[in-house]
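Structure assessment
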Amino acid sequence: MDHRTRQLLASGAVLAIFFIVQLGALALVEPFLEGGLQGTQDTSNPGISIAYIAGILVATAAMLGIIKYGGQNVLRLVIIFAGVYVTFFVFDALVPSLGTAGGIPVQDVLVLAIALGLGAALYLYPEWYVIDTAGIIMGIGSAGLFGINFGILPALVLLVVLAVYDAISVYGTEHMLTLASGMMEMRVPVVFVVPLTRSYTFLEEPTPDTMKESNDNLPTEPEEIDATLLNELGPERVSDLDDETLADADIDADALDDDVREELDGGERDALFIGLGDAVIPSVLVASAAFFIDTGPTVSILGINATLPAATAMVGTLLGLSVLLWLVHKGRAHAGLPLLNGGTIAGYLIGALFSGLTLAEALGLESFL
């Protein structure tokens, strides 16, 4: 199987993961509501979003500080606990009542066992499929919970502001890249990992520390680099060289080994990585539209009913994701939320207008006008 085919299959897997997260969030809207998990009284107040975004900024700053000062082990345990916590709520909503045994609800014991089992797997063996399973469950639970607590206007505010913030943090301050690197080292479900080869293992993915150690002895001046040196380094270490330094070096391409030349021509990535937040944030609007829009037609998606705006928001997310994956395969690093949230909002608005809502109603502004 050539690399192009593997890229297409991996992209299909990423699209499937996003679809599962959004469909799962739709399925949990009613069970979460019946379980009393709507904790916000005024769900139309955009201040909810502002408070949540402020919380994200504080949490991001705290995590960067923890990573900088070597507190990764504590942060890893906190994130694993969060995964266990969300998993409990998801399966508590999904698993039916099974009666009692010795006066103890069987459902509670089973759900707790599932949640703790996932937490143990994350702690002891965080391979890519464990990370992805936990990420899907956390994504479904988080999107469903936010969806029933964020009305349409707060959800739209959340998506717009976080898209701008994501662009600034990736293209401007670049602190999101620093955070992502630290999270990769901890092997926690904040990214989805989709391998492109059968032999890939996330457990052996280079961490920032090992990459730094490996890079300490690499040449930093163009005149230090020639074909002989590149062949000695091999494709893996060649990929760590600075692109500008390589561009300025005088290299005899005919003297390069085939695998080194292939790496210099673009190489082949072993896996696709995409943030958990990239799946959760657009899904908030999908779940919100499913819960708060009560006019217009409904559609059935694999047996799960959704309002038309929720369904078209899902389509918009997947279209935005397709463009993002195309850019990634072109070798261009991009912030995910501008494309994902933009596609979700556009899809939602199209569905809302076709459902007979006015633009003010679609934007959740009718109570303010």
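All of the points below concern the structure found in this document. (Residues numbered from 1 in each chain as written. Predicted model: local features only at pLDDT ≥ 70, side-chain atom pairs only at ≥ 80, totals over all residues. Heavy atoms only, no water.)

Within the protein, the regular secondary structure consists of 15 helices and 6 strands. In the protein, of all internal contacts separated by at least 6 residues, the share reaching a separation of at least 24 is 76%. Accessible surface, the protein as shown: approximately 18200 Å² in total, 61% of it carbon and sulfur. (Helix = DSSP H or I, 4+ residues; strand = E, 2+ residues; numbered from the N terminus. Contact = heavy atoms within 4.5 Å. Areas by Shrake-Rupley, 256 points an atom, 1.4 Å probe, with all protein chains shown as cover.)

The end-to-end C-alpha distance of helix H3 (residues 72–94) is 33 Å, a good match for the 33 Å that 23 residues give at a rise of 1.5 Å each. Those residues of H3 that sit buried are Gln-72, Leu-75, Arg-76, Ile-79, Ile-80, Gly-83, Val-84, Val-86, Thr-87 and Val-90. (Expected span 1.5 Å × (residues − 1). Buried < 20%, exposed > 50% of the residue type's maximum accessible area, 1.4 Å probe, protein only.)

Time to look at the pairing of strand E6 (residues 304–307). Inspection of the sheet shows strand E5 (residues 298–301) paired to E6 by 4 bridges, in the antiparallel sense. From the neighbouring strand, Val-299 faces E6, where its bridge partner is Ala-306. Hairpin geometry of E5 and E6 is characterised by an intervening segment of 2 residues between the two adjacent antiparallel strands and by a positive phi of about 50° at Leu-302. (Pairing = 2+ DSSP bridges.)

Considering the arrangement of structural elements, one finds Leu-158 in helix H6 (residues 152–172). A residue is classified by how much of its surface remains accessible, and Leu-158, at 0% relative accessible area, is buried. For the pair Leu-158 and Pro-282, spaced 124 residues apart in sequence, the C-alpha to C-alpha distance is 9.3 Å. Apart from the residues lying within four places of it in its own chain, the contact partners of Leu-158 are Ser-49, Tyr-52, Ile-53, Phe-150 and Val-284.

Turning our attention to the nonpolar core. With 74 residues, the main nonpolar core has Val-14, Leu-26, Leu-162, Phe-192, Leu-321 and Tyr-348 as its most contacted residues. With 11 residues, the single largest contributor to this core is helix H1 (residues 3–34). (Core = buried A, V, L, I, M, F, W, Y, C linked by side-chain atoms within 4.5 Å.)

All right, on to the environment of Thr-307 then. Assignment of secondary structure puts Thr-307 in strand E6. Apart from residues lying up to four places away in sequence, Thr-307 is in contact with Ala-289, Ala-290, Ile-293, Pro-297, Thr-298 and Val-299. A polar side-chain atom of Thr-307 sits 3.0 Å from the main-chain carbonyl oxygen of Ala-289. (Polar contact = N/O pair within 3.5 Å; in protein donor to acceptor, adjacent residues only side chain to side chain.)

What follows deals with helix H2 (residues 47–68). Since the α-helix packs 3.6 residues into each turn, any two residues three or four apart lie on the same face. Here H2 contains 22 residues, and its C-alpha end-to-end distance of 32 Å stays within 8% of the 32 Å for a straight helix at 1.5 Å per residue. Residues of H2 that are buried include every one of Ile-48, Ser-49, Ile-53, Ile-56, Thr-60, Met-63 and Ile-67, and no others. On an axial view of H2, the arc spanned by its buried residues comes to 125°, and they lie on one face. The exposed residues of H2 that point more than 90 degrees off its buried face are Ile-50, Ala-51, Val-58 and Lys-68. Positive phi appears at Gly-70, one or two residues downstream of H2, with a value of about 80°. (Arc of directions from axis to C-beta.)

In this section: the packing of aromatic side chains. Under the defined criterion, the tally for this structure stands at 9 aromatic pairs. Taking the centre distance of 5.4 Å and the plane angle of 80° together, the rings of Trp-128 and Tyr-129 count as edge-to-face. Seen in terms of ring centroids, Phe-202 and Phe-273 are 6.3 Å apart; in terms of plane orientation they differ by 45°. Their pairing is tilted. Linking Phe-202 in the loop between strand E3 (191–195) and helix H8 (208–215) with Phe-273 in strand E4 (residues 271–275), this pair joins segments that are 71 residues apart in sequence. Aromatic ring contacts, followed pair by pair, group Phe-81, Tyr-85, Phe-88 and Phe-89 into a single cluster. (Phe/Tyr/Trp six-rings, centres within 6.5 Å; stacked < 30°, edge-to-face > 60°.)

A cluster of nonpolar residues, Leu-77, Tyr-123, Leu-124, Tyr-125, Tyr-129 and Leu-203, forms a patch on the protein surface that exposes about 630 Å² of accessible area. Mapped onto the fold, Tyr-125 is located in the loop between helix H4 (106–124) and helix H5 (128–149). Looking at Tyr-125, the relative accessible area reads 40%, which means it is partly exposed. (Patch = residues over 30% accessible without salt bridge, like charges linked within 9 Å, V, L, I, M, F, W, Y side chains within 5 Å. Salt bridge = Lys/Arg side-chain N within 4 Å of Asp/Glu carboxyl O.)

It is worth spelling out unusual backbone geometry at this point. Despite not being glycine, Arg-187 shows a phi value in the positive range, around 55°. Its location among the elements puts Arg-187 in the loop between helix H7 (175–186) and E3.

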